[in-house]
Amino acid sequence: MEVEGEEETTKEPHLIAATREVEGWLLSLSVRLLWRDQKAAEALQLATQSIAILTTHLQDATSHGAVAGAASSARGGLSAAAGLYPLLARIYRYRSLAAEGLGSEELVSHAVAGLRTDMVAAHRMACLRRDVDNQATLLNLMLNDLLNADQVEQAQKLLSNSTFPDAASNNQLCRYLYHSGRIQALRLDYSSSFSNLSQCLRKAPTNTALGFRIAAQRLLVVVQLLMGEIPDRNVFFTEGMRVELGPYMKIAQAVRRGDLANFHSTVSSFAERLKMDGTYTLISRLAHSVVKAGLRKLKLSYSRISLDDVATRLGLPNATSAEFVVAKAVRDGVIDATIDHEQKYVQSHDLVDVYATTEPTEAFHRRIAYCLTTHNDAVRGMRYPPDAYKKQLEASRGLRGKGKDDDKTDEEKAAELEDELDEDY
């Protein structure tokens, strides 16, 4: 009877840990079903209660591991707590999705504002206990919340003052890169935004998450246009993205032609769609890129052109506006030309060697940065178990010792045995 009692006490912590994990999984599944059935209010209420339950389980598991005196008990408490981390992170994400699906903007803003303090405290606690799952999930949720509320500066402060865990899952890393790229694009840091969004699309799964890849590709196209580059045509014909990227292909064609009137008409026709995508603010900045593209085409076509013709070709109101636009383009290095203010014309200079400019250096820098990023990711992915080299070293030593004995002949072994017997006698 005593032996059976001891076995029950030893199995009890494992049964408790398994019960908590099953309960957390069932709660997350229930919240997901309610959210998919568009019952956002019920899903939000159940998610809040589920987070309170799992937080209590985590505290109990941690305190059990701390109170236990034996090392095995402590390890059991910590492993039981670690098993609840992914489930808690999953419920945090469903709670945010349920809050965003409440319907009216007032209810959504009120619900999300009430969750911010809770998410900040939960993120701080996850950092203290080195909970990678909740740390990455909550950071992405807070960045998404601030971006939806148009608080770009607050999102940038959070981004600069926080550290994304290296051991986080690939899905969370893709979300973090997308949010970082969007914040940097809104803050005019297009080079960093292009790098993060390109890395996000490379790491995103290709067999699923089509909506996420479409959102990232849309933002990447807009950032490329803002950088003065025209995306490849095959990007707009990717499988599953052709319809969603149709308006952006027409905008890219208007930018490439340098036709300002066509650009404004295209943007106005797709204004509602662009506002839903969250790219209308960035696309409104492309007017200057359209003017620069038009000026480049005029420079290649004409060595000398009047300001009135420039205003007509670019769709500007008058020659004075064209003069200001051309002067700014010359100062920014877009074209190499001279303005004759008295006779009102623009004189283009001879074609300058591209290798005398900074464009090759910038392209070379982008390629080096991409190679270094790929190398760092590969090194970070090569994780070996600790002290593995010691086992290999011991095995090699054992084989080497056995090899020396095996190389000896039977006569040498017999001679050594006789020498040992002689020494004994």
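Residues numbered from 1 in each chain as written. Predicted model: local features only at pLDDT ≥ 70, side-chain atom pairs only at ≥ 80, totals over all residues. Heavy atoms only, no water.

## Re the pairing of strand E2 (residues 337-340)
Rule in force here: Relative accessibility thresholds used throughout: buried, under 20% of the residue-type maximum; exposed, over 50%; partly exposed, between the two (1.4 Å probe, protein chains only). A run of H or I in DSSP counts as a helix once it spans at least four residues, and a run of E counts as a strand once it spans at least two, with each numbered from the N terminus. A pair of strands is labelled paired if DSSP reports no fewer than 2 bridges between them.
Every second residue of E2 is oriented toward a common face, the buried set being Ala-337 and Ile-339 and the non-buried set Thr-338 and Asp-340. Bridging between E2 and strand E3 (residues 345-348) involves four bridges; their strand directions are antiparallel. Along E3, the bridge assignment pairs Thr-338 with Gln-347. Hairpin connection, E2 to E3: the antiparallel pair is bridged by four residues, and Lys-344 has positive phi, about 60 degrees.

## Some remarks on the environment of Arg-20
The test is simple: Two residues form a contact once any of their heavy atoms are found within 4.5 Å.
In this structure, Arg-20 sits in helix H1 (residues 2-36). Separated by 33 residues in sequence, Arg-20 and Ile-53 have C-alpha atoms that sit 9.5 Å apart. Beyond its immediate chain neighbours, meaning those up to four positions away, Arg-20 contacts His-57, Asp-60, Ala-61 and Leu-84.

## Concerning the environment of Gly-258
Tracing the sequence through the fold places Gly-258 in the loop between helix H11 (246-257) and helix H12 (260-269). For the pair Gly-258 and Ser-289, spaced 31 residues apart in sequence, the C-alpha to C-alpha distance is 8.1 Å. Gly-258 has contacts with Val-290, Ala-293, Gly-294 and Leu-314, leaving out every residue within four places of it along the chain.

## Concerning the packing of helix H8 (residues 170-186) against helix H9 (residues 190-203)
Our working rule: Between N-to-C directions, angles span 0 to 180 degrees; the directions come from axes that are lines fitted to C-alpha atoms, helices contributing only their stretch in contact. Geometric relationships in this document are graded by angle, where less than 35 degrees denotes roughly parallel, more than 145 denotes roughly antiparallel, 65 to 115 denotes roughly perpendicular, and other angles denote oblique. Left-handed describes a crossing whose near helix is turned anticlockwise from the far helix by less than a right angle; the clockwise case is right-handed. Each residue gets one of three labels, nonpolar for Ala, Val, Leu, Ile, Met, Phe, Trp, Tyr, Cys and Pro, charged for Asp, Glu, Lys and Arg, and polar for the others, Gly among them.
Remark: H8 packs on H9, axes separated minimally by 8 Å, with the N-to-C direction vectors making an angle of 155 degrees. Compared by their axis directions, H8 and H9 come out roughly antiparallel. The two elements H8 and H9 cross, and the hand of that crossing is left-handed. For the pair H8 and H9, the contacting residues are Asn-170, Leu-173, Cys-174, Leu-177, Tyr-178, Ser-180, Gly-181, Gln-184 and Ala-185 in the first and Tyr-190, Ser-192, Ser-193, Asn-196, Leu-197, Gln-199, Cys-200 and Lys-203 in the second. Here the contact of H8 with H9 is composed, by residue class, of eight nonpolar, eight polar and one charged.

## Section: the side chain of Asn-134
Threshold: A 3.5 Å cut-off defines polar contacts: any pair of N or O atoms within that distance qualifies, except that in protein one atom must be a possible hydrogen donor and the other a possible acceptor, and neighbouring residues in sequence count only when both atoms are side-chain atoms.
Here Asn-134 shows up in helix H6 (residues 132-148). In this structure Asn-134 comes out as buried when scored by relative accessible area, which is 1%. A distance of 3.1 Å separates the side chain of Asn-134 from the backbone oxygen of Tyr-85, its partner in a polar contact. Within the structure, Asn-134 has its side chain in polar contact with the backbone nitrogen of Ala-89 (distance 3.2 Å). In this structure, Asn-134 is in contact with Tyr-85, Leu-88, Ala-89, Tyr-92, Ala-126 and Arg-129, ignoring residues within four places of it in sequence.

## Considerations on the pairing of E3
As defined by bridge partners, strand E1 (residues 304-306) adjoins E3 across three bridges and the pair is classed as antiparallel. Opposite Ser-306, over in E3, you have Tyr-345 as the bridge partner.

## Describing the packing of aromatic side chains
Put simply, the rule is: Paired rings are identified among Phe, Tyr and Trp, the last through its six-membered ring, by centres lying within 6.5 Å, and are further divided according to the angle between planes into stacked (under 30 degrees), edge-to-face (over 60) and tilted (the rest). Geometrically, a charge over a ring is one whose NZ (Lys) or CZ (Arg) sits within 6 Å of the ring centre while staying within 35 degrees of the ring normal.
One pass over the structure, following the stated rule, counts three aromatic pairs. Seen from the ring of Tyr-280, Lys-275 lies directly overhead, with NZ or CZ sitting 5.3 Å from the centre.

## Quick notes on the sheet that holds E1
Spatial ordering of the open sheet is given by E1-E3-E2, a layout of three strands whose pairing is antiparallel. The sheet is open, and its two edges are formed by E1 and E2, each paired on a single side. Going across the sheet, the axis of each strand differs from the next one's by a mean of 20 degrees, ignoring polarity. Those strands touched by helix H16 (residues 307-314) are E1 and E3, and its axis lies near 80 degrees from that of E1.

## Comments concerning unusual backbone geometry
Notably, Asp-150 is not glycine yet its phi reads approximately 60 degrees, a positive angle. Within the secondary structure, Asp-150 sits in the loop between H6 and helix H7 (152-161). Overall, Asp-150 belongs to the exposed group, its relative accessible area being 66%. Although it is not a glycine, Leu-188 adopts a positive phi angle of roughly 70 degrees. Inspection of the secondary structure assignment puts Leu-188 in the loop between H8 and H9.

## Quick notes on H9
What counts is decided by this rule: Every helix has an expected span of 1.5 Å times one less than the residues it contains.
End to end, H9 covers 20 Å across 14 residues, agreeing with the expected 20 Å (1.5 Å per residue, within 8%). Among all positions of H9, only Tyr-190, Ser-193, Asn-196, Leu-197, Ser-198, Gln-199, Cys-200 and Leu-201 are buried. Buried residues in H9 make contact with H8, helix H10 (210-226) and helix H18 (359-381).

## Looking at the layout of surface pockets
Condition: A 1.4 Å probe that fits into a set of points on a 1 Å grid over the protein atoms alone but cannot get out defines a cavity; an open set with protein on both sides within 12 Å along at least five of seven lines defines a pocket, and lining residues are those with an atom within 4 Å of a point. Grid points are joined across faces, edges and corners, and a volume is the space filled by probe spheres set on the points.
The volume enclosed by the second largest pocket comes to roughly 770 Å³. For the lining of the second largest pocket, the secondary structure elements donating two or more residues are H1, helix H4 (85-100), H6, H8 and H10. Among the elements that line the lining of the second largest pocket, the one with the most residues is H4, at eight residues. Tallied by class, the residues present in the lining of the second largest pocket amount to nine nonpolar, 10 polar and eight charged.

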